[in-house]
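Structural characterization, general
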Amino acid sequence: ADAVATAGGELTGVHFARGRNLFHAVGCASCHRVAGLGGNVGPDLTSVPNKFNSAYLIESIIEPSKVISDQYGSSIVTLKDGRTLAGLVVPQDEKTLRIYPPDAKSEGELVSRTEVKSIAESPVSQMPPGLINSLNPSELRELIAYVMAAGNPKDKIYVGKKRKK
């Protein structure tokens, strides 16, 4: 509720460069892309302002497991040798899968389909909770503004017109 009160209303007096820097510093860009910049393990956030308001965005950051897109859901893969891998499962071809771990810091593990004992959906998002816990209210507003502007420095958020979201 405090985060929504801080950054869930009108986003004015914010600065593009600060928001962009925070998007990368907090780690959002490790998995998410905005305006062509960032990772591709998680959803591209460029279209967020066309679909959601800032309160929904904040809630999704705070509680990433509340709503998980079927395109980006994690799986728990149990291998025949007893190992368990968790992450985004991407078929590579008819014989192999690549499992991208939640930290998105590796290229994932390539696994032969014959090694797989089972694959189950995970109820937990790959996105770790608490990513914004280290931000002060001003930084939170800058970060939310950047995403709600779709990474566009010419968005009305930055050129002085108020945007209610």
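For the structure, see preceding data.
Please read all numbers here as calculations on a predicted model, not as lab measurements.

Enumeration according to the criterion identifies four aromatic pairs in this entry. A centroid spacing of 5.4 Å and a plane angle of 50 degrees characterise the contact between F23 and Y146, whose relative ring orientation is tilted. Here the residue F23 occupies a position in helix α2 (residues 16–25), and Y146 occupies one in helix α6 (residues 137–148), the gap between them amounting to 123 residues. Of the two residues, F23 and Y146, neither departs from the other in class, the shared state being buried. For the ring pair F52 and Y56, a centre distance of 4.4 Å and an interplane angle of 10 degrees mean the geometry is stacked. For Y56, a relative accessible area of 31% puts it in the partly exposed group. Feature note: the residues F16, F23, Y146 and Y158 constitute an aromatic cluster, connected by ring pairs.

Another point: the environment of K156. Position of K156 relative to the elements: it lies in the segment after α6. For K156, a relative accessible area of 41% puts it in the partly exposed group. Sequence-wise, K156 and T12 are 144 residues apart; in three dimensions their C-alpha atoms are separated by 9.3 Å.

To continue, consider the sheet that holds strand β5 (residues 96–100). Pairing in this open sheet of five strands is antiparallel, and the strands run β6-β5-β4-β3-β7 from one edge to the other. Of all strands in the sheet, those bounded by a partner on one side alone are β6 (109–112) and β7 (116–121). Taken pair by pair, the neighbouring strands of this sheet meet at an average axis angle of 45 degrees, ignoring direction. As judged from the four bridges shared by strand β4 (residues 84–91) and β5, these two strands associate in the antiparallel manner. Bridge assignment links L88 to a residue of β5, and that residue is Y100.

Our focus in this paragraph is the pattern of salt bridges. Taken as a whole, this structure holds four salt bridges when the rule is applied. With a shortest N-O distance of 3.1 Å, D81 and R83 are connected by a salt bridge. Under the relative-accessibility criterion, D81 is labelled exposed at 52%. Salt bridges sharing common partners tie together D81, R83 and E109.

Procedures and definitions
Residues numbered from 1 in each chain as written. Predicted model: local features only at pLDDT ≥ 70, side-chain atom pairs only at ≥ 80, totals over all residues. Heavy atoms only, no water. Phe/Tyr/Trp six-rings, centres within 6.5 Å; stacked < 30°, edge-to-face > 60°. Helix = DSSP H or I, 4+ residues; strand = E, 2+ residues; numbered from the N terminus. Buried < 20%, exposed > 50% of the residue type's maximum accessible area, 1.4 Å probe, protein only. Pairing = 2+ DSSP bridges. Axes fitted to C-alpha atoms, helices over the stretch in contact; angles between N-to-C directions. Salt bridge = Lys/Arg side-chain N within 4 Å of Asp/Glu carboxyl O.

Just distances and angles here, no functional claims.
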